[in-house]
Amino acid sequence: MQLRTKSLACGCGRGGKIVKAAFLLLVIGLVYSELMNSDIPRGVANRGKLHIVHGLFVGIAIVGRILQNLGICHQVSFIRWFMACFLNRLNPVPSGLRVKDLKFCDVPVRVYEPTKVCDGLSRGLIYFHGGGWILGSLDSVDEVCRHIAMKSDTTVVSVGYRLAPEHRYPAQLDDCEAAICHFLSVAEAEFSVDSHRVAVGGDSTGANLAAALCQRLARREDGHLPFPCAQVLIYPALQMADFNLPSYQQNHAVPILFRGRMAFYFLQYLSEDVSVCQDVLEGNHVPTELRPCYKAWLSSSNLPPECLARGFSERQSPGYDGNVYHTVKAGLEPEVSPLLAEDAVLKKTPPTFILTCEYDVLRDDGILYRKRLLDLKRDVNWQHVKHGFHGMINFFNQGWLTFPSALWVMDSVVNYVETL
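Here the structure is a predicted model, which means the values were calculated and not measured.

1. Describing the overall build of the chain
Next, step 1: When you go through the chain residue by residue, the secondary structure sums to 14 helices and eight strands.
Next, step 2: Here the C-alpha atoms of the chain give a radius of gyration of 23 Å, agreeing with the 22 Å that 2.2 N^0.38 yields for 420 residues.
Next, step 3: Residue pairs in contact within the chain that sit at least 24 positions apart in sequence constitute 77% of those at least 6 positions apart.
Next, step 4: Accessible surface computed for the chain: about 18,500 Å², of which carbon and sulfur atoms make up 55%.
Next, step 5: Between the centroid of the 41 positive side chains of the chain and the centroid of its 41 negative side chains there is a distance of 8 Å.

Take a look at the structure:
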């Protein structure tokens, strides 16, 4: 009996090793397959490291998908857990900076206050992290906010808004509005910040929230609180009407943001129905009567010639599917697609800083937004990173994950904030 028990134990041990080896081979095979679908042009800075980082992210997503299919946990929950435990590195707070975790109207925020003594009131920046409205956290942009606060002597407030899929639009925007309104009401008394020198900003979908929030506040004009003095938009996602712009075509498979993934993020933000993703990518969700207006704003003729140098093809007018439109119609509203706002609203927006990256599907969103603002005589500062890719600042000061070019992006932001 003892020999039989030992034999069974050895068999189970071997079986467990076989299962682990099979699982590892499956993940490696899937990661390899995904990597073969990526395309990192030679002009991208640190191509080799980006290949490695992309492989890591793909592996995390694949393991999460497997765990979800096994009923163990949701894929998004696993990705969040992994990033929080292994990728979001929190360093000790440096001297010269005070960091506090607070709540503004029940919205978690992290406040970064330079301790340097200055005459009078300081400036402020409300910052919204990216992550496709489903990922990202206060920790994920901690180094970004520290750097801006320290280098520009600015009080930075990072906002931990609610995330999809647990919370859908407009929960995220509502949280951002609640946070900025609270801060503006107490800026001087509690933080020695001039409420008339408070800007809003963010990266990727966080920049979407910043632009949408400025437009929401502009529409209300209640006069009780000062209006943001500027908006800082770092490779912003600004519209879901056209996923076939030149930058979407040229960079459709450039990590870390693929064309299809951006449509997926918009759909997660709006509803739980992602079955219409392909229809949205093809443009079947845009009503025929709206297309002429959108075409005027989104035409490739509005882009600088260099944006067309890598080639693109004009797409034929897609079909229209009313069912798809009704599923995603909120996505064509300016609060989700700020680039589609009326002129009257855009005329009220504050001075704008826009940073775009050449190898980013969202490149043309930012450039077309700049064009609309300039046509309306608004003040725009545009910085373009010719060797850049989407998500660069997520790798700022992150140990072995750091991309040196991310420092240039951060310094561009700091230089602009110092002018406010």
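2. Considerations on helix α8 (residues 259-270)
Next, step 1: Relative to the 16 Å expected for 12 residues at 1.5 Å per residue, α8 spans 18 Å between its end C-alpha atoms, a close match to the ideal helical length.
Next, step 2: Counting buried residues along α8, 10 of its 12 residues qualify, which places the element largely inside the surrounding structure.
Next, step 3: Burial in α8 covers these residues: Arg259, Met262, Ala263, Phe264, Tyr265, Phe266, Leu267, Gln268, Tyr269 and Leu270.
Next, step 4: Looking at the buried residues of α8, the elements they touch are α5 (171-191), α6 (205-220), α7 (246-250), α9 (277-282) and α11 (322-328).

3. Quick look at the confidence of the model for the chain
One rule of thumb: low pLDDT means the predicted coordinates there are not for detailed reading.
Next, step 1: Per-residue confidence for the chain gives a mean pLDDT of 91; residues scoring 70 or more make up 91%.
Next, step 2: Within the model, the stretch residues 1-12 combines pLDDT values under 50 with zero contacts to residues more than four positions away or in other chains.

4. With respect to the pattern of salt bridges
Next, step 1: Inspection of every chain in the model, using the stated rule, returns 20 salt bridges.
Next, step 2: In this structure, the salt-bridge partner of arginine 220 is glutamate 177, at a minimum N-O distance of 2.2 Å. Here the residue arginine 220 occupies a position in helix α6, and glutamate 177 occupies one in helix α5, the gap between them amounting to 43 residues.
Next, step 3: When its relative accessible area of 47% is taken as the criterion, arginine 220 is described as partly exposed.
Next, step 4: When the shortest N-O distance is used, the salt bridge between glutamate 358 and arginine 363 registers 2.8 Å. Each of the two residues, glutamate 358 as well as arginine 363, counts as buried.
Next, step 5: Shared partners join several salt bridges into a network, and the residues in it are Asp101, Arg110, Asp139, Asp142, Glu143 and Arg146.

5. Considerations on unusual backbone geometry
Next, step 1: A cis amide bond, omega 5°, links alanine 164 with the succeeding residue proline 165.
Next, step 2: Among the structural elements, proline 165 can be located in the loop between β4 (154-159) and α5.
Next, step 3: Here tyrosine 169 and proline 170 are connected by a cis peptide whose omega angle stands at 10°.
Next, step 4: Mapped onto the elements, proline 170 comes out in the loop between β4 and α5.
Next, step 5: If you check the backbone angles, aspartate 106 has positive phi at about 70° while not being a glycine.
Next, step 6: Note on placement: aspartate 106 falls in the loop between β1 (97-104) and β2 (107-114).
Next, step 7: For aspartate 106, a relative accessible area of 67% translates into the label exposed.

Basis of the calculations
Residues numbered from 1 in each chain as written. Predicted model: local features only at pLDDT ≥ 70, side-chain atom pairs only at ≥ 80, totals over all residues. Heavy atoms only, no water. Helix = DSSP H or I, 4+ residues; strand = E, 2+ residues; numbered from the N terminus. Rg over C-alpha atoms; globule rule 2.2 N^0.38 Å. Contact = heavy atoms within 4.5 Å. Areas by Shrake-Rupley, 256 points an atom, 1.4 Å probe, with all protein chains shown as cover. Lys, Arg positive; Asp, Glu negative; His and termini not counted. Charge placed at Lys NZ, Arg CZ, Asp CG, Glu CD. Expected span 1.5 Å × (residues − 1). Buried < 20%, exposed > 50% of the residue type's maximum accessible area, 1.4 Å probe, protein only. pLDDT = per-residue confidence, 0-100. Salt bridge = Lys/Arg side-chain N within 4 Å of Asp/Glu carboxyl O.

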